[in-house]
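Below, each chain spelled out in residue letters.
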Amino acid sequence: MPAGDEKRATERAGAPPLLLPVPSFDLVVFGAAGDLALRKLIPSLFHRWRDGQIPANSKIIGVSRSSMSAEEFRRLALESFRKFHPGDQIADAEWAQFSQLISYAELDGVSAQSNWRALAEALSDSGAKQRVFYLALPPAIYGDVSRNIEAAGLKSSGARIVLEKPIGDDLRSAKAINDAVGAVFDEGSIFRIDHYLGKETVQNLIVLRFMNSLFEPVWNSNVIDHVEISVAEAIGAGGRASYYDKAGALRDMVQNHLLQLLCLVAMEPPLDLEPDTVRDEKIKVLRALRPITAETARSVTVRGQYGAGASDGSAVPSYAEELGAQSGTETFVAIKANIDNWRWRGTPFYLRTGKRMAERRSEIIIQFKDVAHPLVATGRDELQPARLVIRLQPDEGMRLMLMTKEPGPGGMRLRYVPLNLSYAAAFSARYPDAYERLLMAVVRGDLALFMRRDEVEAAWRWVDGVLDAWKADRTPVYPYAAGVNGPVQSAMMLDRDGREWSGGV
Ligand code: BG6
């Protein structure tokens, strides 16, 4: 890097974070005693507050059916914060100040007869503040809760609603939910969360592709051999097994997170970054996905379920043991997806996600083609095609793997080396959790990072096809031991194409 560029980069890295201004708000969190609220939402709000982004007269109102006082809820929130974020130092005095924003209302959102007055009172001085309802609840009741919010007279002008994924468990149920919520809130006030869209590297994908002239000219099937999107988790289904068993890896991860990543990698350049412009491009990709049928299911998909094994050096039980029953649900899925359009003809997208895999690692790998005519093939490393690795987690960064000449005498000795950008090394700022960014985007009314109704439905249309194909074909669910990267059949699927997963199996 030229000296001037390096100096500028270092100066920016050490500077305090730039904060977008956020108006005062009242945020009502339904499902406030649940895992998502305690593990993610309240801690995210705390961080935004600590950074000075939340105006002092804002309010966070926890709502759940549990009977507790505001003080008890605040205590529960703090205990959960410390349990789930042990590395995050939080002083009692600091918490005391933040928690003044938090109140609590005991209420059953599904019942119109419940104590809606308690919530109305908590909101009563909200005046012109931005009102947001966050439904951290089972999706099947989104419609009822929306209706009750309106019936209780709480849907103030400009009020927004946030829906957690999954929106339904198939296209039909997704449409029913969208219709029911849409009868109360207009589309511009509905924020459907896919928290992967709030991740730093995912955002950076757009910058990488469209704000560097280097990549876009080669971003197509003439130069790219294949794309791999792997979201591997080390955790098992654990305490969520009863929800998870009804979903499985395809519904839980592919329908939303992996397809969103695929869209951002594959979409055409948008005209601008307006929410609808980007979403229009993403939906074209979803529509171009080649349907998977009963005839193709076994050659382009692999389902797996973990048995007992080891994770982080400790023995862990099988999925069936965690669930307490035998099950045909997949905890791993690998898919060879094809996008039938001009740009991607002949370039498969291999998707893979699973629980209890070898390690937590999420990456997008752009694998370029072999050079047309290799000049030398000797040296320490074999000649290998260039590869761009975009790492989402655990550490965020980008690596461009290139062939270079090993310096010094001794002829043309080749080395396959990375041009490396580790975010942690390059930028000193703390990485906000995806929910921090998404919550503030809701308050600011920025829909760009949220899914539009037709996007969610287009994703379900394709996923429903896969589910139907599995049913018709009785596609087997292969076992794999906890601690490996899925069943061997997943490696075999790529092997048939003369390829392999980047991290192996
Ligand atoms: C959720 C899924 O949407 O994403 C979970 O329901 C999964 O099963 C989680 O564990 C993964 O999120 P992250 O941010 O940890 O990769």
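On a predicted model such as this, the values are computed, not experimentally measured, just so you know.

Draft legend 1. The overall build of the chain, seen in detail. Secondary structure summary: the chain contains 16 helices and 18 strands in total. In terms of overall dimensions, the chain is globule-like: its C-alpha atoms have a radius of gyration of 24 Å, near the 23 Å expected for 505 residues. Its C-alpha atoms put the chain at 80 × 60 × 50 Å along the principal axes. For the chain, the residues scored as buried account for 51% of the 505 residues in total.

Draft legend 2. Examining the pattern of salt bridges more closely. Tallying each qualifying case throughout the model produces 39 salt bridges. In this structure, Arg298 engages Asp473 in a salt bridge whose closest nitrogen and oxygen atoms are separated by 3.0 Å. With Arg298 in helix α11 (residues 297-300) and Asp473 in helix α15 (residues 453-473), this residue pair connects regions lying 175 residues apart in the sequence. One network of salt bridges, with partners in common, ties together Asp276, Arg279, Asp280, Arg452 and Asp454.

Draft legend 3. Structural detail: the nonpolar core. Ranked by internal contacts, the top residues of the largest apolar core, which has 147 residues, are Phe30, Trp95, Phe98, Leu119, Tyr134, Ile364 and Trp462. Sort the elements by how many residues they give to this core and helix α9 (residues 241-266) lands first, with 14 residues. Dropping the residues within four chain positions of it, Leu119 is found in contact with Val28, Phe30, Ile61, Val63, Ala105, Leu107 and Leu154.

Draft legend 4. Spatial organisation of the site of the ligand. The immediate surroundings of the ligand are formed by 13 residues, with Tyr196, Lys199, Glu233, Asp252 and Gln393 found nearest. Between the ligand and Lys165 there is a distance of 2.7 Å, counted from an oxygen atom to a side-chain nitrogen or oxygen. At a separation of 2.8 Å, an oxygen atom of the ligand approaches a polar side-chain atom of Arg240. Surface burial for the ligand is 84%, taken as the share of its 400 Å² of free accessible area covered by protein chains. The leading source of residues in the shell around the ligand is α9, at 3 residues. Split into classes, the residues belonging to the shell around the ligand amount to 3 nonpolar, 3 polar and 7 charged.

Draft legend 5. Fine view of empty space enclosed by the protein. By the definition in use, this model includes 3 cavities of 30 Å³ or more. One number sums up the size of the largest cavity: a volume of about 90 Å³. As for the largest cavity, its lining consists of Ser230, Val231, Ala232, Arg352, Met357, Glu359, Arg361, Ser362, Glu363 and Asn485. Contributing elements (two or more residues each) for the lining of the largest cavity: β7 (224-232) and β13 (361-368). Of the residues contributing to the lining of the largest cavity, the split by class is 3 nonpolar, 3 polar and 4 charged. Estimated volume of the second largest cavity: approximately 40 Å³. Around the second largest cavity, the lining residues are Lys165, Pro166, Ile167, Gln255, Asn256, Met451, Val456 and Ala459. Contributing elements (two or more residues each) for the lining of the second largest cavity: α9 and α15. Broken down by class, the residue content of the lining of the second largest cavity amounts to 5 nonpolar, 2 polar and 1 charged.

Draft legend 6. Up close: unusual backbone geometry. In this structure, Pro166 follows Lys165 across a cis peptide bond, with omega equal to -5°. Along the chain, Pro166 falls in the loop between β5 (160-163) and α7 (171-182). Look at the link from Gln393 to Pro394: it is a cis peptide, with omega at 10°. Structurally, Pro394 is set in the loop between β14 (387-393) and β15 (397-405). We note that Arg356 has phi near 55°; this positive angle belongs to a residue other than glycine. Within the fold, Arg356 resides in the loop between β12 (349-354) and β13. Positioned with a positive phi, Arg474 is a non-glycine residue whose angle comes to about 50°.

Quick notes on the rules
- Residues numbered from 1 in each chain as written.
- Predicted model: local features only at pLDDT ≥ 70, side-chain atom pairs only at ≥ 80, totals over all residues.
- Heavy atoms only, no water.
- Helix = DSSP H or I, 4+ residues; strand = E, 2+ residues; numbered from the N terminus.
- Rg over C-alpha atoms; globule rule 2.2 N^0.38 Å.
- Buried < 20%, exposed > 50% of the residue type's maximum accessible area, 1.4 Å probe, protein only.
- Salt bridge = Lys/Arg side-chain N within 4 Å of Asp/Glu carboxyl O.
- Core = buried A, V, L, I, M, F, W, Y, C linked by side-chain atoms within 4.5 Å.
- Contact = heavy atoms within 4.5 Å.
- Near = heavy atom within 4 Å.
- Polar contact = N/O pair within 3.5 Å; in protein donor to acceptor, adjacent residues only side chain to side chain.
- Areas by Shrake-Rupley, 256 points an atom, 1.4 Å probe, with all protein chains shown as cover.
- Nonpolar A, V, L, I, M, F, W, Y, C, P; charged D, E, K, R; others polar.
- 1 Å grid on protein atoms, 1.4 Å probe; cavity = no way out; pocket = protein on both sides within 12 Å on 5 of 7 lines; lining within 4 Å.
- Points joined across faces, edges and corners; volume = space filled by probe spheres on them.

Nothing here speaks to function; it is geometry throughout.
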